[in-house]
Amino acid sequence: MARKAAIIGGGVIGGGWAARFLLNGWDVAVFDPDPEAPRKVGEVLANARAALPALSDGPMPAEGRLVFAGTITEAVEGAEYIQESVSERLDLKHRVFAQIQQVANTTPIGSSTSGFKPSELQQNAANPAVIFVAHPFNPVYLLPLAEVVPSPASDPGLIERVKETLREIGMFPLHVRKEIDAHIADRFLEAVWREALWLVKDGVATTEEIDEAIRMGFGLRWGQMGLFETYRVAGGEAGMKHFMAQFGPCLQWPWTKLTDVPEFTDELVDLIAGQSDAQSGAYTIRELERIRDQNLIGFLRVLKERNWGAGKVLLDHDARRRAAAFAPVVGEGPMVTARMTVLPGWIDYNGHMTESRYLFAASETSDAFLRHIGADIAYVGTGFSYYTAETHIMHAGEAKLGDALTGTVQVLAADEKRLHIFIRILRDGAPVATLEQMLLHVDMGKGKTCAAPQAILDRLLPIAQAHATLPRPEAAGRHVGQRTT
Ligand SMILES: NC(=O)C1=CN([C@@H]2O[C@H](COP(=O)(O)OP(=O)(O)OC[C@H]3O[C@@H](n4cnc5c(N)ncnc54)[C@H](O)[C@@H]3O)[C@@H](O)[C@H]2O)C=CC1
Ligand SMILES: C[N+](C)(C)CC(=O)CC(=O)[O-]
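Residues numbered from 1 in each chain as written. Chains lettered and ligands numbered in written order. Predicted model: local features only at pLDDT ≥ 70, side-chain atom pairs only at ≥ 80, totals over all residues. Heavy atoms only, no water.

The cut-off we apply is this: UniProt positions are given in the numbering used here, feature names are shortened, and annotations may be inferred rather than shown by experiment.
Going by what an unreviewed UniProt entry lists, the protein chain is known as L-carnitine dehydrogenase and is assigned to Pseudotabrizicola sediminis. Here is the UniProt Sequence similarities (unreviewed entry) comment for the protein chain, exactly as written: "Belongs to the 3-hydroxyacyl-CoA dehydrogenase family. L-carnitine dehydrogenase subfamily." Quoted verbatim from the Pathway (unreviewed entry) field of UniProt, the annotation for the protein chain is "Amine and polyamine metabolism; carnitine metabolism."

Structure (structure tokens):
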């Protein structure tokens, strides 16, 4: 049975949390008195469905069930985790916590608050120990950071369990050790925001020029190295010490007005809103969200290829999900090594699973087999691996959205260098596709085939021997254009 999360407040952030939990296989109940909330959450979810699966290199779990609850009590019933995402007003948050704790007194309650300290949130609560800050970043379904801020009254064991829950849905819980207004990241954002307001107010730059200054330069650097690592490199060979000696004094010069807040007059609001309309008004907010999401996917995929920063979180999440999803089943017949569900992003213009996803399903199946015989990621790290030298794919049916697929491997032949396998992608026990593949054991450093080590052969060869007794698949050895009758 799927695990359940309750989301109280279904606006921009509540919708993002709902999407992240749902797409990671959790059931979600949302409570929001706004009659527009189901539409708004639905639109965020549609964006998330088009975006989040593109970050995964493994099968995602089947999407959880979304319900809109009529009351807070109904929403939190049976929930293992509660995320409060109502408007940023302390009195409102207190009322919501009181209502929740009338019926769910021990369930963890994370607050999305951008600035309130957990000790402020906990004031007068029936059980303060379970209330903490879990501050996410927009779009919640793509950005991994959640600042987890406990107070001295928080239950440390519960906080550790919450961090694990957040990892399970692909997030990076950053434990903020000392509570402070606006946590860590929003303090920076506030400082930058204040300075930008001054630059616009004083007529130095427009909103567009400020955005160009960020996205053409330091914004690109920050996404991959942050502040300190970036400045360390900027110090040249002498690193951080030289950087500080050179640029430390300029902090005393009038380069910034960071501590001073411009007055929030109607004039300033109109000036900024007007410039923002001129800059970006040609797009709707939903269009801008989709542009943002596709750009983020591009960045994140590159970081993932490099196992760096947020990309490392994505790789860890794939590995965790694979390990939790399925252990190969060794039985009498072909080995069952993978299970997956056909997701929206896998469907093509013909309304069925696109051809590249059959290859993807096959590589999930063969990768699981390789891990089973010991050729796992740690083994690849030693400089050896199996490469696919040849594939023949036959389509026997159409996989459709939501279909549950199973991948099996039958070893046709194996020796110290070669691994000849037959993969079936099954739906309800019948193949929708079969793939015959030849894999070769390779010394990656030399770029040449070589014999697999005895430890791998000791696992592989008995399977090959057992599979030699299975009926040879009719499709094995076929080539394109052969008659079937
Ligand atoms: N928008 C942002 O960029 C970020 C916002 N946050 C935080 O997330 C929280 C929510 O902010 P947004 O989603 O931006 O605001 P929003 O205005 O989009 O959504 C707030 C939602 O709370 C609902 N609400 C009001 N009273 C309620 C009640 N008694 N029970 C249930 N729902 C109720 C409203 O109907 C609304 O749909 C705030 O604490 C904010 O500081 C955190 C990270 C980023
Ligand atoms: C503007 N904000 C304070 C609500 C921003 C955040 O809290 C985080 C974000 O997503 O930028």
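### A short note on the nonpolar core
Definition in use: For our purposes a nonpolar core is just a set of buried Ala, Val, Leu, Ile, Met, Phe, Trp, Tyr and Cys residues, chained together by side-chain atoms within 4.5 Å. Throughout, exposure labels follow a simple rule: accessible area from a 1.4 Å probe, protein chains only, divided by the maximum for the residue type, with under 20% read as buried, over 50% as exposed, and the rest as partly exposed. Here the bounds of each domain stem from an automatic or database domain assignment. Contact between two residues is taken to exist if any of their heavy atoms lie within 4.5 Å; hydrogens are not considered.
In terms of nonpolar packing, the biggest core is built from 96 residues, with Ile 8 and Tyr 386 touching the most fellow members. Residue contributions to this core reach at least three from each of two domains, namely domain 1 (4-183) and domain 3 (335-467). Non-local contacts of Ile 8, meaning those with residues more than four positions away in its chain, are made with Phe 31, Ile 72, Ala 75, Val 76, Ile 82, Gln 83, Glu 84, Ser 85, Val 86, Val 96 and Ile 100. Core analysis: the second largest hydrophobic core is formed by seven residues, Ala 196, Leu 197, Ala 205 and Leu 268 among them.

### A word on the side chain of Ser 151
Note the following rule: Under the scheme used here, helices are H or I runs from DSSP no shorter than 4 residues and strands are E runs no shorter than 2 residues, and both carry numbers assigned from the N terminus. For the purposes of these results, a polar contact is taken to be a pair of N or O atoms within 3.5 Å, where, inside protein, one atom must be able to donate a hydrogen and its partner to accept one; residues adjacent in sequence count only when each atom of the pair is a side-chain atom.
By secondary structure assignment, the location of Ser 151 is in the loop between strand E7 (145-149) and helix H6 (156-168). Taking the relative accessible area as the measure of exposure, Ser 151 reaches 8% and is therefore buried. Engagement of the side chain of Ser 151 in a polar contact is seen with the side chain of Gln 122, the distance being 2.6 Å. In this structure, Ser 151 is in contact with Pro 118, Ser 119, Gln 122 and Glu 179, ignoring residues within four places of it in sequence.

### Description of the site of ligand 1
This is how the line gets drawn: Consider each residue's heavy atoms; a residue with any of them within 4 Å of a molecule or strand counts as near. Only the protein chains shown count as covering a residue, and every accessible area follows the Shrake-Rupley method with a 1.4 Å probe. Charged means Asp, Glu, Lys or Arg here, nonpolar means Ala, Val, Leu, Ile, Met, Phe, Trp, Tyr, Cys or Pro, and polar covers whatever is left, Gly included.
Neighbouring ligand 1 are 22 residues; Ile 13, Asp 32, Glu 88, Lys 93 and Ser 114 lie closest to it. Within the backbone of Val 12, one N or O atom sits 3.0 Å away from an oxygen atom of ligand 1. A distance of 2.7 Å separates an oxygen atom of ligand 1 from a polar side-chain atom of Ser 114. Within the complex, the protein chains bury 74% of what would otherwise be the 830 Å² of accessible surface of ligand 1. Breaking the shell around ligand 1 down by element, the ones donating at least two residues are helix H1 (12-23), helix H4 (90-103) and strand E6 (131-136). No other element matches H4, which puts three residues into the shell around ligand 1. Its residues assigned to classes, the shell around ligand 1 comprises nine nonpolar, nine polar and four charged.

### Notes on the packing of H1 against helix H2 (residues 37-51)
Applicable threshold: Between the N-to-C directions of two axes lies an angle of 0 to 180 degrees, each axis being a line fitted to C-alpha atoms and, for a helix, fitted only over the stretch in contact. An angle below 35 degrees is read as roughly parallel, one above 145 as roughly antiparallel, one from 65 to 115 as roughly perpendicular, and any other as oblique. In this scheme, a crossing is called left-handed if the near helix is turned counterclockwise away from the far one by less than a right angle; it is called right-handed if the turn is clockwise.
Following both chains from N to C, one finds H1 and H2 inclined at 50°, their axes separated by 9 Å at the closest point. One finds that H1 runs oblique with respect to H2. H1 and H2 meet at a crossing whose hand is right-handed. Every residue of H2 that contacts H1 at Gly 15, Gly 16, Ala 18, Ala 19, Leu 22 and Leu 23 is listed here: Val 41, Val 44, Leu 45, Ala 48 and Arg 49. Of the residues assigned to the contact of H1 with H2, the class counts are eight nonpolar, two polar and one charged.

### A word on the pattern of salt bridges
Two side chains that carry opposite charge are able to pair once their charged atoms sit near each other. Selection rule: Take a side-chain nitrogen of Lys or Arg and a carboxyl oxygen of Asp or Glu: if they are within 4 Å of each other, that pair is a salt bridge.
In the structure shown here, the tally under the stated rule is 26 salt bridges. Residues Arg 301 and Asp 57 are paired through a salt bridge, measuring 2.7 Å at the closest nitrogen-oxygen approach. Residue Arg 301 is located in helix H12 (residues 285-305), and its partner Asp 57 is located in the loop between H2 and strand E3 (66-68); the two are separated by 244 residues in the primary sequence. With relative accessibility at 24%, the residue Arg 301 sits in the partly exposed group. Taken together, the shared-partner salt bridges in this structure form one network comprising Glu 36, Arg 39, Glu 43, Arg 286 and Glu 289.

### Observations concerning the sheet that holds E3
How we decide: Paired strands, in this sense, are two strands between which DSSP finds at least two bridges.
The strand order across the open sheet formed by eight strands is E3-E2-E1-E4-E5-E6-E7-E8, and the pairing between neighbours is mixed. Edge positions in the sheet fall to E3 and strand E8 (172-175), since each has one partner strand and no second. Across the sheet, the mean angle separating the axes of adjacent strands is 25° when strand polarity is ignored. Pairing analysis gives four bridges linking E7 to E8, with the strands arranged parallel. Bridging across to E8, Leu 145 finds its partner in Phe 172. Contacts from H4 reach strand E1 (4-8), strand E4 (81-84), strand E5 (109-111) and E6, with the element oriented near 165° to E5.

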